[in-house]
2 protein chains.
Amino acid sequence: MDLVFEIDFQSDEALYTQLCNQIIIGIAKEMVHEGDALPSVRQLADAVGINMHTVNKAYTVLKQEGYVKVDRRKGAVIAVDINKLHALSEAKRDLRVLLAKASCMGLSKEEIHGLIDELYEEYGG
Amino acid sequence: MDLVFEIDFQSDEALYTQLCNQIIIGIAKEMVHEGDALPSVRQLADAVGINMHTVNKAYTVLKQEGYVKVDRRKGAVIAVDINKLHALSEAKRDLRVLLAKASCMGLSKEEIHGLIDELYEEYGG
DNA sequence: CATCTGTTATAACATATATATAACAGTTGA
DNA sequence: TCAACTGTTATATATATGTTATAACAGATG
């Protein structure tokens, strides 16, 4: 398991959301691949110092969004199978607000493209 | 006031967040400009059918983020003065997750740039 | 058979969201 | 001056969400 989980208890992001995002970013960075097993809910909960149910909620959300499947033998397993229509419309809604804020900040379209390139470099693409 | 406020009571977004986002997008679309007065908390609350305090929370958040100032005479007024350091680091955090999801969806960097261009067109360019 | 999976149930508590009623100080315009 | 309007603050209530806690269950593993 190449993933390193780090919980920020001061963050305004929910703990389960932090876990979800770290796993999704881990997939994009190719630190984990299809079929890789995630830590068990109890293991991960102990490792980062949170409750089992909080980890379980993260896994449940990831399962609903299509990043994870459950194998009775291996437990939670990476298995990317995303509903693109739904995911894309959600991404657009978020992007609209994000770009509006960027525009208010005075960022040009070119600067935004640069920002995208900078961040996207982290993901093999 | 060119802004039209529409509340989706079925949305998972908080009501005050919906108001914030619509105002920020309105600024980016240049539907409102520096110095324009926003509706009073009571007017807007009545207009969209929510509580005064929910509107007040939206205005308070917008004030903290630097999109609005309060003029004792005019009430809440558009006045874009954003802490770029803070706003940019927040934007990057959001973008990182958004791009990871896009990468998992199989979107190429070029397709993402296209998406940005499409959405950014709504804001004067 | 003991031990590990995810899952479910129940309970409890803190925080966030939203509403309701009420009041206050400053500003405006009649 | 005075009524009507600002944002702001205080208090209370209701509901939803997030998090923890304890416990149990069925299926798979070795």
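Look above for the structure.
Residues numbered from 1 in each chain as written. Chains lettered and ligands numbered in written order. Predicted model: local features only at pLDDT ≥ 70, side-chain atom pairs only at ≥ 80, totals over all residues. Heavy atoms only, no water.

(A) The pairing of strand β2 (residues 75–78) of chain A, seen in detail. One ladder, built from 4 bridges, connects strand β1 (residues 68–71) of chain A with β2(A); its direction is antiparallel. Residue A:Val68 lies in a different strand from β2(A), and its bridge partner there is A:Ile78. (Pairing = 2+ DSSP bridges. Helix = DSSP H or I, 4+ residues; strand = E, 2+ residues; numbered from the N terminus.)

(B) Fine view of the interface of chain B and chain A. Opposite the 40 residues of chain B that make contact, chain A presents 41 residues. Regarding the contact of chain B and chain A, the summed buried area is about 4,300 Å², with carbon and sulfur atoms giving 71% of it. Together, B:Cys104, B:Met105 and B:Tyr120 form the three largest contributors to the area buried by chain B at its contact with chain A, with a combined 16%. The interface formed by chain B and chain A includes 8 salt bridges. Here A:Asp117 ties to B:Lys109 by a salt bridge, and the two come within 3.9 Å at their closest N and O atoms. Our count for the contact surface shared by chain B and chain A stands at 14 residue pairs in polar contact (both at pLDDT 80 or more). If you list the elements that add at least two residues to the side of chain B that touches chain A, you get α1 (15–28), α4 (84–105) and α5 (109–120) of chain B. When residues of the side of chain B that touches chain A are assigned to their parent elements, the largest contribution, 17 residues, is made by α4(B). Residues belonging to the side of chain B that touches chain A are distributed by class as follows: 24 nonpolar, 4 polar and 12 charged. (Contact = heavy atoms within 4.5 Å. Buried area = accessible area lost by both parts, 1.4 Å probe. Salt bridge = Lys/Arg side-chain N within 4 Å of Asp/Glu carboxyl O. Polar contact = N/O pair within 3.5 Å; in protein donor to acceptor, adjacent residues only side chain to side chain. Nonpolar A, V, L, I, M, F, W, Y, C, P; charged D, E, K, R; others polar.)

(C) Looking closely at the nonpolar core. Core analysis: the biggest nonpolar cluster contains 88 residues, and A:Ile23 and B:Ile23 have the highest contact counts within it. When neighbours within four sequence positions are excluded, B:Ile23 is seen to be in contact with B:Leu3, B:Phe5, B:Leu38, B:Tyr59, B:Leu62 and B:Ile78. (Core = buried A, V, L, I, M, F, W, Y, C linked by side-chain atoms within 4.5 Å. Buried < 20%, exposed > 50% of the residue type's maximum accessible area, 1.4 Å probe, protein only.)

(D) Highlighting the packing of helix α2 (residues 41–48) of chain B against helix α3 (residues 52–65) of chain B. Residues and elements named next belong to chain B. At a closest axis distance of 8 Å, the pairing of α2 and α3 adopts a crossing angle of 120°. Judged by the inter-axis angle, α2 sits oblique to α3. Once α2 is placed against α3, the crossing between them reads as right-handed. Taking contact as the criterion, the partners of Val41, Arg42, Leu44 and Ala45 in α2 are, on α3, Met52, Val55, Asn56 and Tyr59. Taken together, the residues that form the contact of α2 with α3 break down as 6 nonpolar, 1 polar and 1 charged. (Axes fitted to C-alpha atoms, helices over the stretch in contact; angles between N-to-C directions. Parallel < 35°, antiparallel > 145°, perpendicular 65-115°, else oblique. Left-handed = near helix turned anticlockwise from the far one by under 90°.)

(E) Spotlight on the protein's contact with DNA strand D. The environment of DNA strand D is formed by 23 residues, the closest being A:Leu15, A:His53, A:Lys57, A:Arg73 and B:Lys63. The share of sugar and phosphate among atoms of DNA strand D within 4 Å of the protein is 63%. Contacts to DNA strand D include A:Thr54, whose side-chain N or O atom sits 2.8 Å from a phosphate oxygen. Within the contact set of DNA strand D, a phosphate oxygen lies 2.4 Å away from a side-chain nitrogen or oxygen of B:Lys63. If you list the elements that add at least two residues to the surface near DNA strand D, you get α1 (15–28) and α3 (52–65) of chain A together with α2, α3 and β2 (75–78) of chain B. Classifying every residue of the surface near DNA strand D by side-chain character gives 8 nonpolar, 8 polar and 7 charged. (Near = heavy atom within 4 Å.)

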